[in-house]
Amino acid sequence: MTSARTQEDRRAGRIEVITGGMFSGKSEELVRRLRRALIARQRIQVFKPGADTRHEAELLVTRDNRELAATSVSSAAELRSCLEPDTEVVGIDEVQFFDDGLVDLVTELAD
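Residues numbered from 1 in each chain as written. Predicted model: local features only at pLDDT ≥ 70, side-chain atom pairs only at ≥ 80, totals over all residues. Heavy atoms only, no water.

A. Layout of the pairing of strand S1 (residues 44-49). Of all 6 residues making up S1, 6 are buried, and the element is well covered by its neighbours. Neither face of S1 is exposed, since Ile44, Val46 and Lys48 on one face and Gln45, Phe47 and Pro49 on the opposite face are all buried. For S1 and strand S5 (residues 89-92), the ladder comprises 4 bridges, and the chain directions are parallel. Within S5, the residue paired with isoleucine 44 across the bridge is valine 89. Here 3 bridges tie S1 to strand S4 (residues 71-73), and the two strands are oriented parallel to one another. (Buried < 20%, exposed > 50% of the residue type's maximum accessible area, 1.4 Å probe, protein only. Helix = DSSP H or I, 4+ residues; strand = E, 2+ residues; numbered from the N terminus. Pairing = 2+ DSSP bridges.)

Written out as structure tokens, the structure is:
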């Protein structure tokens, strides 16, 4: 394997979806995975919909009161504009509140 191939492999992304009913621990699992990425020294960004006003705009808060810094955005376009170029892992909570443009955005990021 050449170093160019290794570099290409690191750039290959994937989409992971956490599903379940209400109160099933989806946000807790998202925070768990994002914390593991931080432990692995990956650069992460966390987003949540502006429509989620249950807690402070700059925090993703789970039902068991675990917190992670987050950016509140109102659309996929706004999320895109907030992405930093060195971000390796993007976490998005409550995706059902985003517009359809999110599908194209996450596909593009994974590609």
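B. Looking closely at the environment of cysteine 82. Following the sequence through the fold, cysteine 82 ends up in helix H3 (residues 76-82). On the basis of relative accessible area, cysteine 82 is assigned to the partly exposed category, the value being 29%. Taking C-alpha positions, cysteine 82 is 15 Å from glutamate 108, a pair spaced 26 residues apart along the chain. Contact partners of cysteine 82, with chain neighbours within four places excluded, come to Gln45, Phe47, Thr71 and Val73. (Contact = heavy atoms within 4.5 Å.)

C. Just the pattern of salt bridges, in detail. Tallying each qualifying case throughout the model produces 7 salt bridges. Of the charged contacts in the structure, one is a salt bridge between glutamate 29 and arginine 32, with a shortest N-O distance of 2.8 Å. Remark: arginine 32 and glutamate 29 occur in helix H2 (residues 26-39); sequence separation between them is 3 residues, near one turn of the helix. When its relative accessible area of 41% is taken as the criterion, arginine 32 is described as partly exposed. In this structure, arginine 33 and glutamate 29 form a salt bridge, with 2.8 Å as the shortest nitrogen-oxygen distance. Here arginine 33 pairs with glutamate 29, and both are found in helix H2, just 4 residues apart, close to one helical turn. (Salt bridge = Lys/Arg side-chain N within 4 Å of Asp/Glu carboxyl O.)

D. Molecular detail of helix H4 (residues 101-110). Listed as buried for H4 are Leu102, Leu105 and Ala110. In a view along the axis of H4, the buried residues occupy a sector of 130°, so they form one face of it. In H4, the exposed residues that point more than 90 degrees away from the buried face are Val103 and Asp104. Among the structural elements, H3 and S5 are those in contact with the buried residues of H4. (Arc of directions from axis to C-beta.)

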